[in-house]
Each structure stands twice: as structure tokens, then as C-alpha cells.
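Survey of secondary and tertiary structure
Residue-level listing of the chains:
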Amino acid sequence: MKSVSARGCAVGAGIGALFAAVVVDVAYANAADGPSWSLAATLLLGGAAVLWPAARRPARLTPQLRTALPAALSLVCTLDSVVRTGILFGPGELLILLCLLFVAVRHCPRNWVVACAALDGAAVLALPVRPFLSQHDTMLGFMLIGLVLVGLTVAFAAYLRSQDYRRTVAVSETRRSERLAIAADLHDFVAHHVTGILVQTQMARMMTDSGRDDLDPVLAGIERAATEALASMRRTVGVLRDTDEAADRRPVGDLVGIAGLVDGFTTPIQKAVLHREADVPGDLPHEVQAAAFRVVQEALTNVRRHAGDATEVTVGLRYGRARLEVSVSDDGRGGSQLPAAAHGGGFGLVGLKERVTALGGELHAGPRAGYGWEVRAVFPG
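Residues numbered from 1 in each chain as written. Predicted model: local features only at pLDDT ≥ 70, side-chain atom pairs only at ≥ 80, totals over all residues. Heavy atoms only, no water.

Some words on a nonpolar patch on the surface
A cluster of nonpolar residues, Leu-44, Leu-45, Leu-65 and Leu-69, forms a patch on the protein surface that exposes about 360 Å² of accessible area. Of all the secondary-structure elements, those providing two or more residues to the nonpolar patch are α2 (37-51) and α3 (63-83). (Patch = residues over 30% accessible without salt bridge, like charges linked within 9 Å, V, L, I, M, F, W, Y side chains within 5 Å. Areas by Shrake-Rupley, 256 points an atom, 1.4 Å probe, with all protein chains shown as cover. Salt bridge = Lys/Arg side-chain N within 4 Å of Asp/Glu carboxyl O. Helix = DSSP H or I, 4+ residues; strand = E, 2+ residues; numbered from the N terminus.)

Set out below in C-alpha cells:
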């Protein structure tokens, strides 16, 4: 919550500074011959392009349109100043163009980035032409300053764009690997049920050969195993896309294995407690038990990474209204003795969400009231 409020204060301060800079521009224009239509349009459209909230921005107002149109108007204003003296530029127009240059480099589509960035950069570098057309040394000095500002803005925006790309790739790879893992689990579930069908079918044949007539329980078991296999496939196959590569076989956890996770987590300075309500059934679908196991495993790992100062971790298993609820909460305040490289990239929860939603469940992770952190998953049982 503190980071959100700090971000809001920073955004508010930035908007206030931009408004103040635009006021200075208007004052400059009034002190001269009054604002030209091109300058007024540049400030109006540029300010709207920068300050229009993303949530309310229409889809047709694309990044390339937002960044190109005000820059083109600024260049028109500069050309107008060659014919009509008295047109100046102030900090407001400069800040708007630099903001639009940042937007162009970071958010424009790949085939538009160079054109929009070049247009915004040219508009910035052309600003000193207005007041210093006849003073070449002064004009070149201001252009050099503008070039430095353009270079810094482009470098910062390009760095953030590369970070966005890397995160997108990492999230995509995490989801893909999780789908491969789900495919491996699905193979295990179906293999388990089909093996049961095979064994019980062999029993039925043996009983038929021996002349026994009590086949109904065996046939019922075959029907039950086949139904569970089909249900496992139906719940899981929806997320298996582009998974034609073979996945490594790995053991699948269950609700019983959660107790082992909790016991293995406990240390002399950190206590982990498992609260499993008595009405939690032990015959839940295998994929639900495996997903619950993974939720607890990832949550306990994150406690090690991000809440090393936690003294007590509580794992809860509750069942009601045909839904299994798994929760892991800690009393940490965010302290950790691990190096930054060991904190992970935050993609474990991405994989968990993929797994939980594949089963029709919900995953929530966030701070507790007061302090501490909680991860809670709800699965249809």
C-alpha cells in the first residue's frame, strides 16, 4: 500500500510540474505576439496525449497517433517561426515532446518506433530554431543540450522496453513450462486410472474363467476408474496448447505429502503448523491434490525467499461446499537474508495461477491485515 501511495504522489507531482511548465509557455507567448494556433494546438494535444488516463483512453488513440501528431504540430510551429518572428518555446513544450518521445520508444509497435521517435526527436532539436535563428552559436548550443536530453530519454525508454520484453518472454516461458508440467501430471493421472482399469479387467476375466458370478463390484470399479480418468482429462486438457515436446516425468504430490512439506520447513527459528480440518476428504481428484501440494510448496519457498524474519507459518486445509481451500500465511515483515539473485523473478505465482485456473479454481496472494503475507487457493472438489 505504501508503494502504491508513493507512486500516486510521484504521478501527481509530475502532472503538477507539467502544468506549471505549460503555464510558463503561455506566459512567454503572451509576452511576445501572443500564441500561434500551431503552438496552442501543440500544447493542447500534446498535454492531452501525455495526461489522458490509460483506463479511459479510446482504442483508436494509438501510441503512434499520440506521439506523431503533437510532434508534427510542433514542427509546423517551428516552420511558422521562420516566417513569423516572436514565436518562442518554453519548458512545457519541451517536457511534452520528451514525454512523447519516451512513449514512442517504449510503447509504439515495432514498425512504428523509429518513425515516431525520429519525429519527436526532430521536434525537440528544432525548438531552438525559433528564437535563435539568426544566432547560430546559441542555436547550436541549445541543440546540443536537446540532443543530450533526447539521448537520455531514448536510452531510458529503450531500457524499460527491453525489461518489458524480457518479462513478457519470462512469463510466457513460465506458463509454457507449467503447461508441460500439467501435461506430465495428466499423463500420470490417466496412467494411474487406466492401470486400475487393466488390473480390474484381468480380475474380471479370471473370475469369469473360474465360474464366479460376483462380478458387479469389479465392473463398478472399472466404471469408476474410467470416469475419473475422463474427468482428469477434461479438467486439464484445456490448457495444453503447443506442448508437443516431451516433458520429464516427475513425482506428483498430494494432500498427504503436504504434511511432509510442513515438517521439512520447520527450523529452530521458524515454526510451521498444518491445520487440516477433519472433513477434508482424502479421495479428491489427483490433479487437485497435486495442485494443492504445489501451492503449499511454492508458498513455503517464497517465505524462505522474501520473509526470512517470519517466526510462524500456518498452512490450512479446509473443505466445504464441495470446494477445497488451501492457505499459507506467515507473520513476516519482508526481511530476508538471501542475496538478491536468490529472490526469484516472481514467476512462480504465474505458474501457480496457470495451474489453479486450469482446474477451475481461484488463486489469491497478497498482504494480510497488519503485516505478513497470505497465499490462498480454492479448488472445486
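Don't stop here, the text continues.
Overview of the pattern of salt bridges
Evaluated as defined, the whole model comprises three salt bridges. One salt bridge in this structure joins Arg-106 and Asp-164, with 2.9 Å as the shortest N-O distance. One end of the pair, Arg-106, is in helix α4 (residues 91-107); the other, Asp-164, is in helix α7 (residues 136-209), and 58 residues separate them in sequence. The class for Asp-164 is partly exposed, based on a relative accessible area of 33%. Two residues, Glu-374 and Arg-376, come together in a salt bridge whose shortest N-O distance is 3.2 Å. Owing to a relative accessible area of 22%, Glu-374 belongs among the partly exposed residues under this scheme. With relative accessibility at 28%, the residue Arg-376 sits in the partly exposed group. (Buried < 20%, exposed > 50% of the residue type's maximum accessible area, 1.4 Å probe, protein only.)

Some details on the packing of aromatic side chains
Per the stated rule, a full pass over the model turns up one aromatic pair. A ring pair is formed by Phe-102 and Phe-156, whose centres lie 5.8 Å apart and whose planes are at 35°; its orientation type is tilted. Taken together, the positions of Phe-102 in helix α4 and Phe-156 in helix α7 put the pair 54 residues apart, joining distant regions of the chain. Accessibility expressed as a relative area gives 48% for Phe-156, which makes it partly exposed. (Phe/Tyr/Trp six-rings, centres within 6.5 Å; stacked < 30°, edge-to-face > 60°.)

A look at the nonpolar core
Most often, soluble globular proteins keep nonpolar side chains buried together rather than apart. Core analysis: the biggest nonpolar cluster contains 31 residues, and Leu-255, Ile-258, Val-295, Leu-324, Val-326 and Phe-379 have the highest contact counts within it. When contributions to this core are tallied by element, the ones reaching two or more residues are α9 (255-265), α10 (286-306), β2 (312-320), β3 (323-330), α11 (348-358) and β5 (373-380). The greatest single-element share of this core, amounting to nine residues, is contributed by α10. Ignoring anything within four residues of it in the chain, the contact list for Ile-258 reads Leu-274, Ala-292, Phe-293, Val-296, Val-315 and Leu-317. Residues Leu-101, Phe-102, Ala-123 and Ala-157 belong to the second largest nonpolar core, which totals 14 residues. (Core = buried A, V, L, I, M, F, W, Y, C linked by side-chain atoms within 4.5 Å. Contact = heavy atoms within 4.5 Å.)

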